[in-house]
Protein chains: 2
Amino acid sequence: MRSSRYFLPTLKETPADAQIASHRLMLRAGMIRQGAAGIYSWLPMGLKVLRKIEQIVREEQDAAGAQEVLMPTIQAADLWVESGRYDDYGDEMLRIEDRHGRKMLYGPTNEEMITDIFRKEIKSYRDLPKNLYHIQWKFRDERRPRFGVMRGREFLMKDAYSFDLTAEDGQKSYNAMFVAYLRTFARLGLKAIPMRADTGPIGGDLSHEFIVLAETGESEVFFDKAFDGLDPMVEAAAGADLQPIVDEWTSHYAATDEIHDADNCPVDAGNLITGRGIEVGHIFFFGEKYSKPMNATVQGPDGDTVPVQMGSYGVGVSRLVGAIIEACHDENGIVWPEAVAPFKVGLMNLRAKDEECTAACDKLYQQLTAAGIEVLYDDTDTGAGAKFANMDLIGLPYQLAVGPRGLKNGVVEVKDRKSGEKLELTPEEAIAKLTA
Amino acid sequence: MRSSRYFLPTLKETPADAQIASHRLMLRAGMIRQGAAGIYSWLPMGLKVLRKIEQIVREEQDAAGAQEVLMPTIQAADLWVESGRYDDYGDEMLRIEDRHGRKMLYGPTNEEMITDIFRKEIKSYRDLPKNLYHIQWKFRDERRPRFGVMRGREFLMKDAYSFDLTAEDGQKSYNAMFVAYLRTFARLGLKAIPMRADTGPIGGDLSHEFIVLAETGESEVFFDKAFDGLDPMVEAAAGADLQPIVDEWTSHYAATDEIHDADNCPVDAGNLITGRGIEVGHIFFFGEKYSKPMNATVQGPDGDTVPVQMGSYGVGVSRLVGAIIEACHDENGIVWPEAVAPFKVGLMNLRAKDEECTAACDKLYQQLTAAGIEVLYDDTDTGAGAKFANMDLIGLPYQLAVGPRGLKNGVVEVKDRKSGEKLELTPEEAIAKLTA
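This is a predicted model, so every value here is computed, not measured.

Q: Mind showing me how you'd approach the overall build of chain A here?
A: When you go through chain A residue by residue, the secondary structure sums to twelve helices and 23 strands. On C-alpha atoms alone, chain A measures out to a radius of gyration of 24 Å, which is about the 22 Å that the 2.2 N^0.38 rule sets for 436 residues. With respect to the principal axes defined by its C-alpha atoms, chain A has extents near 80 × 60 × 45 Å. Out of the 436 residues in chain A, the part that is buried amounts to 58%. Pairs at least 24 apart in sequence give 71% of the contacts found in chain A among residues at least 6 apart. For chain A, the exposed surface amounts to about 17,700 Å²; the carbon and sulfur share of it is 46%. Taking the 50 positively charged and 68 negatively charged side chains of chain A as two groups, their mean positions are separated by 6 Å.

Q: Before we go on, may I ask you to explain the side chain of B:Arg33 in this structure?
A: Turning to its location among the elements, B:Arg33 is positioned in strand 1 (residues 32-36). On the basis of relative accessible area, B:Arg33 is assigned to the buried category, the value being 10%. A polar side-chain atom of B:Arg33 sits 2.5 Å from a polar atom in the side chain of A:Glu121. Within the structure, the side chain of B:Arg33 is placed 2.7 Å from the backbone oxygen of B:Pro9, a separation counted as a polar contact. Aside from chain neighbours lying at most four places away, what touches B:Arg33 is A:Glu121, B:Pro9, B:Leu11, B:Met26, B:Leu27, B:Ile39, B:Tyr40, B:Ser41 and B:Leu43.

Q: How should I be thinking about the sheet that holds strand 19 (residues 345-349) of chain A in this particular structure?
A: For sheets, the rule is that strands pair by backbone hydrogen bonds, running either parallel or antiparallel. Residue and element names in this part refer to chain A. Taken in spatial order, the five strands make up an open sheet running 20-19-21-22-23, and their pairing is mixed. The open sheet is flanked by strand 20 (375-378) and strand 23 (422-425), the only strands paired with a single partner. Mean inter-strand twist for the sheet, computed between neighbouring axes without regard to direction, equals 20°. In this sheet, strand 23 lies alongside strand 22 (residues 412-416) in antiparallel orientation, the contact comprising four bridges. Within the sheet, the bridge partner assigned to Lys415 lies in strand 23 and is Lys422. Along the sheet, helix 9 (residues 355-370) contacts strand 19, strand 20, strand 21 (398-402) and strand 22; its crossing angle with strand 19, the most-contacted strand, is approximately 165°.

Q: Got a minute to help me understand the interface of chain A and chain B in this structure?
A: For an interface, size is often stated in terms of accessible area lost upon the parts coming together. Taken together, the 50 residues of chain A in the interface contact 50 residues of chain B. Inspection of the chain A/chain B interface yields six salt bridges. Between B:Glu121 and A:Arg33 there is a salt bridge, with the nearest N and O atoms lying 2.5 Å from each other. If you look at where chain A meets chain B, you find 24 residue pairs in polar contact (both at pLDDT 80 or more).

Q: How do you make sense of the domain arrangement of chain A when you look at a structure like this?
A: Residues and elements named next belong to chain A. Per the domain assignment, the segments making up chain A are domain 1 (21-334) and domain 2 (343-435). One C-alpha centre belongs to domain 1, the other to domain 2, and the line joining them spans 39 Å. Between domain 1 and domain 2, the contact holds ten residues from the first and seven residues from the second. In total, domain 1 and domain 2 occlude about 820 Å² of area from one another, counting both sides; carbon and sulfur atoms represent 50% of this. When the shortest N-O distance is used, the salt bridge between Lys52 and Glu374 registers 2.5 Å. Among the secondary structure elements, those contributing two or more residues to the side of domain 1 that touches domain 2 are helix 1 (21-28), helix 2 (44-63) and strand 18 (333-334).

Q: What is the right way to read the relation of the copies chain A and chain B from this model?
A: Note on the chain copies: they are related by a rotation about an axis and a translation along it. Relative to chain B, chain A is turned by 180° and slid 0.0 Å along the rotation axis, the superposed coordinates differing by an RMSD of 0.0 Å. Taken together, the rotation angle and the small translation identify this as a two-fold axis. Closest approach to the rotation axis within chain A is made by the C-alpha atom of A:Ile96, at a distance of 3.0 Å. Both copies present the same face, since 100% of the interface residues in chain A are matched by interface residues at the equivalent positions in chain B.

Q: When you look at the sheet that holds strand 21 (residues 398-402) of chain B in this model, what are you seeing that I'm missing?
A: Residues and elements named next belong to chain B. Taking strand neighbours across the sheet as the criterion, the five strands line up as 20-19-21-22-23 in an open arrangement whose pairing is mixed. In this open sheet, the two strands that pair with only one neighbour each are strand 20 (375-378) and strand 23 (422-425). Direction aside, neighbouring strands of the sheet carry axes that sit 20° apart on average. This element, helix 9 (residues 355-370), spans strand 19 (345-349), strand 20, strand 21 and strand 22 (412-416) of the sheet and lies at about 165° to strand 19.

Q: I'm lost on the packing of helix 1 of chain A against helix 8 (residues 317-327) of chain A in this one. Help?
A: Any two packed helices are characterised by the angle at which their axes cross and by the distance between the axes. Residue and element names in this part refer to chain A. Viewed as axis vectors pointing N to C, helix 1 and helix 8 meet at an angle of 105°, and their least axial separation amounts to 8 Å. Between helix 1 and helix 8, the angle is such that the two are roughly perpendicular. Mapping the contact onto sequence places Ala21, Ser22, Leu25 and Met26 in helix 1 and Val321, Gly322, Ile325 and Glu326 in helix 8. Among the residues making up the contact of helix 1 with helix 8, the classes are represented as five nonpolar, two polar and one charged.

Q: I keep staring at the packing of aromatic side chains and nothing clicks. Help me out?
A: Both the distance between ring centres and the angle between the ring planes are used here to describe each pair of aromatic rings. Inspection of the entire model under this criterion finds 27 aromatic pairs over all chains. With a centroid separation of 5.3 Å and an interplanar angle of 55°, the aromatic rings of B:Tyr181 and B:Phe210 are classed as tilted. Of the two residues, B:Tyr181 is situated in helix 6 (residues 167-187) and B:Phe210 in strand 10 (residues 206-213); the sequence distance between them amounts to 29 residues. The exposure class of B:Phe210 is buried, given its relative accessible area of 0%. Summarising the aromatic geometry, the rings of B:Phe185 and B:Phe210 are spaced 5.9 Å apart at their centres and angled 40° between planes, so their arrangement reads as tilted. Of this pair, B:Phe185 sits in helix 6 while B:Phe210 sits in strand 10, and the two are 25 residues apart along the sequence. On the basis of relative accessibility, which here comes to 0%, the residue B:Phe185 falls in the buried class. Grouped by ring-pair contacts, the aromatic residues A:Tyr106, A:Phe139, B:Tyr106 and B:Phe139 constitute a single cluster.

Q: Which parts of the structure should I look at to understand the state of the cysteines?
A: Two cysteines, two sulfur atoms, one covalent bond between them: this is a disulfide. In total, this model carries zero disulfides over all chains according to the counting rule given. In this structure B:Cys357 is a free cysteine whose sulfur lies 4.7 Å from that of B:Cys361, the closest cysteine sulfur available.

Q: Quick question: what am I supposed to make of the environment of B:Ala226 here?
A: Residue and element names in this part refer to chain B. As for its placement among the helices and strands, Ala226 is situated in the loop between strand 11 (219-224) and helix 7 (243-250). Note on Ala226: relative accessible area 27%, which makes it partly exposed. Separated by 56 residues in sequence, Ala226 and Gly170 place their C-alpha atoms 28 Å apart.

Q: Mind showing me how you'd approach unusual backbone geometry here?
A: Residues and elements named next belong to chain A. Residue Leu128 is joined to Pro129 through a cis peptide bond whose omega torsion reads -5°. Positive phi values are uncommon outside glycine, yet Phe147 reaches one of about 60°. The residue Phe147 is located in the loop between strand 7 (130-139) and strand 8 (154-164) in this model. On the basis of relative accessibility, which here comes to 22%, the residue Phe147 falls in the partly exposed class.

Q: Explain a negative patch on the surface here, please?
A: Residue and element names in this part refer to chain A. On the surface, Asp198, Glu220, Asp257 and Glu258 cluster together into a negatively charged patch. With respect to the helices, strands and loops of the structure, Glu258 is situated in the loop between strand 12 (254-256) and strand 13 (272-287). Given the relative accessible area of 75%, Glu258 is considered exposed.

Q: Is there a simple way to think about the pattern of salt bridges in this case?
A: Think of it this way: side chains of opposite charge can pair up when their charged atoms draw near. In this structure the tally under the stated criterion is 64 salt bridges over all chains. A salt bridge links A:Asp91 to B:Arg99; the shortest N-O distance between them is 3.8 Å. Separated into two different chains, A:Asp91 in the loop between helix 4 (85-88) and strand 5 (94-97) and B:Arg99 in the loop between strand 5 (94-97) and strand 6 (103-106) make up a pair that spans both. Taking the relative accessible area as the measure of exposure, A:Asp91 reaches 52% and is therefore exposed. The closest approach of N and O atoms between A:Arg102 and A:Asp98, which form a salt bridge, is 3.2 Å. Residue class for A:Arg102 comes out partly exposed when judged on its relative accessible area of 42%. Because the salt bridges share partners, they merge into one network encompassing A:Glu59, A:Glu60, A:Arg183, A:Arg187 and A:Glu235.

Definitions and limits used
Residues numbered from 1 in each chain as written. Chains lettered and ligands numbered in written order. Predicted model: local features only at pLDDT ≥ 70, side-chain atom pairs only at ≥ 80, totals over all residues. Heavy atoms only, no water. Helix = DSSP H or I, 4+ residues; strand = E, 2+ residues; numbered from the N terminus. Rg over C-alpha atoms; globule rule 2.2 N^0.38 Å. Buried < 20%, exposed > 50% of the residue type's maximum accessible area, 1.4 Å probe, protein only. Contact = heavy atoms within 4.5 Å. Areas by Shrake-Rupley, 256 points an atom, 1.4 Å probe, with all protein chains shown as cover. Lys, Arg positive; Asp, Glu negative; His and termini not counted. Charge placed at Lys NZ, Arg CZ, Asp CG, Glu CD. Polar contact = N/O pair within 3.5 Å; in protein donor to acceptor, adjacent residues only side chain to side chain. Pairing = 2+ DSSP bridges. Axes fitted to C-alpha atoms, helices over the stretch in contact; angles between N-to-C directions. Salt bridge = Lys/Arg side-chain N within 4 Å of Asp/Glu carboxyl O. Domains from an automatic or database assignment. Buried area = accessible area lost by both parts, 1.4 Å probe. Least-squares fit on C-alpha atoms with pLDDT ≥ 70 in both. Parallel < 35°, antiparallel > 145°, perpendicular 65-115°, else oblique. Nonpolar A, V, L, I, M, F, W, Y, C, P; charged D, E, K, R; others polar. Phe/Tyr/Trp six-rings, centres within 6.5 Å; stacked < 30°, edge-to-face > 60°. Disulfide = S-S within 2.5 Å. Patch = residues over 30% accessible without salt bridge, like charges linked within 9 Å, V, L, I, M, F, W, Y side chains within 5 Å.

Below, the structure is given as structure tokens:
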């Protein structure tokens, strides 16, 4: 993509109302613009990142055996009356009346709706287990939306729902999601730690939050350094018993400041790591909490009718864009992990009015693009200094700078955004390095 | 995907409340379920089709130079007050108050919001032309939602918005979308005819509807048979003048029954084709209708400030699922065009309890999947008759039936769903045919 065409309205100034790094950087890097409090439009580069995150989340859900559906954003209120949550949910639920005066709402989560779909279609234990997920916009009418996409009102969430015959099978479904989450966050370039959590309004008695470590994270976290020795990229054959893996990851101490008690910590100081973190996922096993009141039952092997055992599993997809930036930035801007970078390479023509320089850039752009590399090509005639600053701000993994002086010596410059390392290479070497 | 695992709740009975073929077939084929009037959940197979259509739409928008963004579903009411449409839009607009009593709405379209984004970011003619599109759920509170996804309340639309300095440039942007639409509908396996249209509440004076031909379509349409000689898969170099192509496509008579007047038709009876059709796209050039009241201006080459020339371009993505079924079905079920089929092949094990038969099926499934073919593998132990009927209903392009009798003779059966042609082939020949 050529910068001269691309809609990428970057800002030199830091917006006054943005209090945290990810909010500031997403605005400055032209990724989002606010429509109303806590409601954002995603501009082209922001959307590219969002979609890459969404796709990794999707792949790991599919690999874990979950099946993708898509429930609507607007729900009828009746189902929530049936589950008993219509009144419980309070002001955070965006309540709506349609033109005929029917009570509707913008879904903040989908336990009721998926349970309704399930109970109408699935009648036998033979059709279990099932895990259905969707990646859909939700709305929670936060009293004080802030921190950009980290605490927005309209946000993109992946929510999965598992249905099993027995609590033992339900634990297996829970374990499959637990492992899928470890893999998902690792693939996103994040270090995530599962922590035992309160279940809150979702209910149930088994629940973990996944907290990613980020220097500028919202909470202080405390965890056993044993986590450093665990590999989140769990490779397990289909149907393998995941309990030992889950046991290993949950056997070590980890807690947010809300529940950590320094005087009663089971880990001695030498093994305790203190950091900051951001919640990006939350999984729940709640058994019959919804299936019982909503009468979601199947016929069991003995012919008796039993309520299904359910769990739900959320990932904050739009929140992850912010969380990744909190974990991956420096004083000059964003430092994207390669898996979610909007482009791999930022190619800069340092003298756009120089024909030879432009020809060399055009050729590099064509070669990299032909090799399947995503390139943002700054072909504009702004100054070199502004170009470098802008590339640092938007944080693509590699910068490829081409100027008349280097070309005279037959070289271009490749910079690794994360390490800052710069190499002078021939154009051929640069291509080889960037397509390796 | 194995049927034994897949969430595909097909129905033998025709649902009583479904009045048109696509609504009946989408319910029967387990593609959608209603959440509330005109609001649907997309089950796994329905969602696969929706995503394939969405991707073809996206690819043609990108190829035409449009850039993807994503605006939120919920909008602040102020922008609509500013454009003057807040009162005009009437009861179809879903109006909402948030917890602080602020007036919001669920976007039925996005002219105001995109104009607001544009005016805040783009200040110079040098940044034009721009065409920004998004594929997002919209809500229109139809008084009487019906016909399934054909006239739903919550629906998925692709809407693009072009911004140009002059009306001449605006016409070029319009032409690029016109050609993109011809290509999009052709790639979806549809025959679409552009018809001059009223602009209605969007405004402006240049507008075309794209109507796809379908025997069970909603409107009667009349058009010159000259359209049969035109190739919609226009191949044009970047920047090429598309006016001759648009002129060619708009020079022939085409009208819906709303405006067709048999007594004053410019085409003689021998050249007039009568059929039925469904509106799937609508494009508008409306110049300064929004840019003027909303003050979306740029600095022109002479330094003067001028309102931008705008157009908007919609495709009903979720509606297309229904439209394709209206155009592509027979008495036994859906007949998917290959480009949007949820799976290419339906593999049927006709005797799931027979070990040899199951081994042969498993091998075919493995080979086809390894070759990148999407296969729905009916590995359940229901009867052969039910399996055939179910496969006809869901309408995958090819059926591959494997039974003990055929295997004894070393053959399997490949059926082309559209032509009904059946071939007895060796498993190797079947693989070769299906992966060709």
